[in-house]
Amino acid sequence: MTRKGILFIISGPSGVGKGTIKDAVLEKITDMQVSISATTREPRSGEINGRDYFFVDQHRFQQLIDKDELLEYANVYNNMYGTPRQFVEENLNRGQDVMLEIDIQGAFQVKLRKPEGVFIFIAPPSIEELSLRLAARGKDTQKSIELRLAACKWEMEQLKHYDYVVVNNDLKNAVDKVCSIITAERCKVKNFNLERDMIDSSFNQGSNGSGP
Ligand code: 5GP
């Protein structure tokens, strides 16, 4: 039996641990294509162009938008981020699953274009915990931490638009849950090409003479 490609969208407030969860899930589930986003933000130390992001300038990013080459895009804390559309479409059409790790504004756009996607919201255990995590990861200034915490309230209200919520109070537990969601979605009957496979099998039966 063959299956359709499934689009998994991991999303949630900034600093909630989406990236860490995604990386750990991908260590366990290797047959998953991961979209690499384009961004206008500067590479951080250790980040590699084409592996972590496609680092582009404003002009190039605008070209991608104008040519409709992005499935979604958003301004996240003063930098542009977007998902290259062709990579996603090609893999889904080949029956490959694709994972996106994007912010909430972007997830809404994907929902409009790909409502059949599986939308997973990663939630912080609490705002206090998120505040501690943002401070501990050392990527953000105090002002940007305050901005992110203020946004988090609105972001939590968007939970109702998602299919699943995973609270990240323990990394291993959260990773197990995301893996379980992926496994369950992969077993859903609606994700199998029943009609196409049935036509194929009746064709085979007819051609080898074993049919009725
Ligand atoms: P960072 O700059 O820390 O890697 O990512 C900042 C935020 O941008 C994170 O919340 C991340 O999920 C989000 N992000 C990364 N790639 C994309 C993308 O292609 N589209 C959107 N909408 N958000 C993205």
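Keep in mind that this is a model prediction, so the values were computed, not measured. (Residues numbered from 1 in each chain as written. Predicted model: local features only at pLDDT ≥ 70, side-chain atom pairs only at ≥ 80, totals over all residues. Heavy atoms only, no water.)

**Describing the packing of aromatic side chains**
To keep things clear, this is the line we draw: Stacked, edge-to-face and tilted are the three classes for Phe, Tyr and Trp ring pairs, Trp counted by its six-membered ring, which pair at centre distances within 6.5 Å; planes under 30 degrees apart are stacked, over 60 edge-to-face, the rest tilted. Working definition: helices are DSSP H or I runs of at least four residues, strands are E runs of at least two. Numbering for both runs from the N terminus. Only protein chains enter the area calculation, which uses a 1.4 Å probe; residues under 20% of their type maximum are buried, those over 50% are exposed, and those in between are partly exposed. Over a ring means this: the NZ of a Lys or the CZ of an Arg is within 6 Å of the ring centre and within 35 degrees of the ring normal.
Inspection of every chain in the model, using the stated rule, returns six aromatic pairs. Both rings, one in Phe108 and one in Trp154, keep their centres 6.3 Å apart while their planes meet at 80°; by these two values the pair is edge-to-face. Residue Phe108 is located in helix α4 (residues 104-113), and its partner Trp154 is located in helix α6 (residues 142-157); the two are separated by 46 residues in the primary sequence. Residue classification places Phe108 among the partly exposed positions, given a relative accessible area of 26%. Ring centres 5.0 Å apart and planes at 85° place the aromatic pair Phe121 and Tyr162 in the edge-to-face group. Taken as a pair, Phe121 in strand β8 (residues 118-123) and Tyr162 in the loop between α6 and β9 (164-167) lie far apart in primary sequence, 41 residues in all. Pair check on accessibility: Phe121 and Tyr162 agree, each one buried. A network of ring pairs unites the aromatic residues Tyr53, Phe55 and Tyr81 as a single cluster. Across the ring face of Phe119, the terminal group of Lys111 is positioned such that the distance to the ring centre comes to 5.1 Å.

**Considerations on the sheet that holds β8**
As a reminder of what qualifies: In this description, strands pair whenever DSSP reports at least two bridges between them. The contact definition used throughout considers only heavy atoms, calling two residues in contact when any of these lie within 4.5 Å. Here an angle of 0 to 180 degrees is reported between the N-to-C directions of two axes, which are lines fitted to C-alpha atoms, with helices fitted over the stretch in contact.
The five strands are arranged β2-β7-β1-β8-β9 in an open sheet whose pairing can be described as parallel. Each edge of the open sheet carries a strand with a single partner, namely β2 (33-34) and β9. Relative to strand β7 (residues 98-101), strand β1 (residues 7-11) runs parallel, the two being bridged by four bridges. Residue pairing in the sheet places Ile10 in a bridge with Glu101 of β7. Across the sheet, α4 touches β1, β7 and β8, and the angle it forms with β1 is around 155°. Contacting β1, β7, β8 and β9, helix α7 (residues 171-187) runs over the sheet at an angle of about 160° to β9.

**Things to note about unusual backbone geometry**
Located in the positive-phi region is Tyr77, a residue other than glycine, with phi close to 45°. Checked against the element boundaries, Tyr77 lands in the loop between β5 (70-76) and β6 (79-84). A positive phi angle, close to 75°, is found at Asn78, a residue other than glycine. Tracing the chain through its elements places Asn78 in the loop between β5 and β6. Classification of Asn78 as exposed rests on a relative accessible area of 68%.

**Quick notes on the sheet that holds strand β4 (residues 54-55)**
Reading across the sheet, the four strands line up as β4-β3-β6-β5 and stay open at both edges, with mixed pairing between neighbours. The outermost strands of the open sheet, each flanked by one partner alone, are β4 and β5. Across two bridges, the pairing between strand β3 (residues 38-39) and β6 is antiparallel. Counterpart to Thr39 in the pairing with β6 is Tyr81. Across the sheet, helix α3 (residues 85-93) lies against β5 and β6, angled at about 25° from β6, the strand it touches most.

Any link to function would need more than the numbers given here.
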